[in-house]
Every structure is written in structure tokens, then in C-alpha cells.
Amino acid sequence: SVVRAPARWPRTVAVGGVTSDDRPWSGSCYGPEVDFSAPAADLRRAEPETGGYRNMGKGTSYATAMATGAAALWLTHRRAELQATYGGEPWKIPEAFRLLARQTARRPDRWQPGSHGDGILNIEALLKAPLPTALVRAPRA
């Protein structure tokens, strides 16, 4: 499906989904509005009834949760630097995250830019990337 609200609203992050072999997941949103993708299929999930795990997880809700976790790690890891760099303009913090997540995304050989974002979320590279200094408000269509 195409990107829907709330991901298509201004200053949001639109996350697509991929399978375990780095291919776009068939149920993922797609299009030029997608910023990057994260795992959304072939996932193990906790099974409360048995106390174990099952390989039944799929959906962009998983990709969104991974992106949210990455954002929380990034915010915590860079807290002081973010405040010092963007303190007077708080809109720049989510915009910096979105930009860096796109720039540091892993791009498999067969990746098609423009369909499922700039690549697959790479949390380690995201945490190590220097903060961008020049940011502009990027409206969504």
C-alpha cells in the first residue's frame, strides 16, 4: 500500500518493511514518501502461552517499533549534543533523526531507491553518524 497517515504527515518518519533476505515485504507501504525500511517479516516473537518464541511475526508495526527503539537510543546517546546543537529549534531534532537514518541506511545490492526508502535501518551507523548542521523543514506531499 502507499504511505498513509500518520506517516504521510509533515515532519514524520515513514518506515517500510523488509523480509529477512532484505527484500521489500509484500504488505509494506511503498513510494517516494518512505524514508527507510526495517524488518517487518520472518520475525520471531514471544509466545506468552508457552513462554517461548514463534516465527510468526510480520507487519510494519514491527518495523515501526524498531525505528522507534532506534530513535530512543539515538536521543539518549546524543542528548547533550542534540540540546547544544538544536536547542533553540526543537523541530530540528526529529528532522535530524530522519535525515541520519536515511543517510546511514544499509543498501543491499538489489535495493530500488524510491520504493521502500533509502535502505534498511542501520542502528549502529545511525548512532555513530555526526549530527547534520544544515537542516530545512521538509514538508510531505
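Please read all numbers here as calculations on a predicted model, not as lab measurements. (Residues numbered from 1 in each chain as written. Predicted model: local features only at pLDDT ≥ 70, side-chain atom pairs only at ≥ 80, totals over all residues. Heavy atoms only, no water.)

Draft legend 1. Looking closely at unusual backbone geometry. Each neighbour pair has its own omega, and for A5 with P6 the value is 5 degrees, a cis peptide bond. With respect to the helices and strands, the residue P6 is situated in the segment before β1 (15-18). Despite not being glycine, D22 has its phi angle at roughly 65 degrees, a positive value. With respect to the secondary-structure elements, D22 resides in the loop between β1 and β2 (36-39). Although it is not a glycine, D42 adopts a positive phi angle of roughly 65 degrees. Its location among the elements puts D42 in the loop between β2 and β3 (43-47). What makes D42 partly exposed here is its relative accessible area of 49%. (Helix = DSSP H or I, 4+ residues; strand = E, 2+ residues; numbered from the N terminus. Buried < 20%, exposed > 50% of the residue type's maximum accessible area, 1.4 Å probe, protein only.)

Draft legend 2. Geometry of the environment of R106. Here R106 is to be found in the loop between α3 (92-104) and α4 (123-128). A sequence separation of 70 residues divides R106 from F36, and the C-alpha atoms of the two residues are 9.3 Å apart. If we skip the residues at most four places from it in the chain, R106 touches D22, G119, I120 and N122. (Contact = heavy atoms within 4.5 Å.)

Draft legend 3. Molecular detail of the pairing of β1. What you see with β1 is no split at all: V15 and G17 on one side and G16 and V18 on the other are buried throughout. As defined by bridge partners, β1 adjoins β2 across 4 bridges and the pair is classed as parallel. In the strand pairing of β2, G17 is matched with A38. (Pairing = 2+ DSSP bridges.)

Draft legend 4. Main features of the nonpolar core. Ranked by size, the top nonpolar core spans 24 residues in total, and within it F36, W74, Y86, F97 and L126 carry the most contacts. Of all elements in the fold, only β2, α1 (60-77), α2 (79-86) and α3 reach the threshold of two or more residues within this core. The contact partners of Y86, leaving out residues within four places of it in the chain, are K92, I93, A96, L131, P132 and L135. (Core = buried A, V, L, I, M, F, W, Y, C linked by side-chain atoms within 4.5 Å.)

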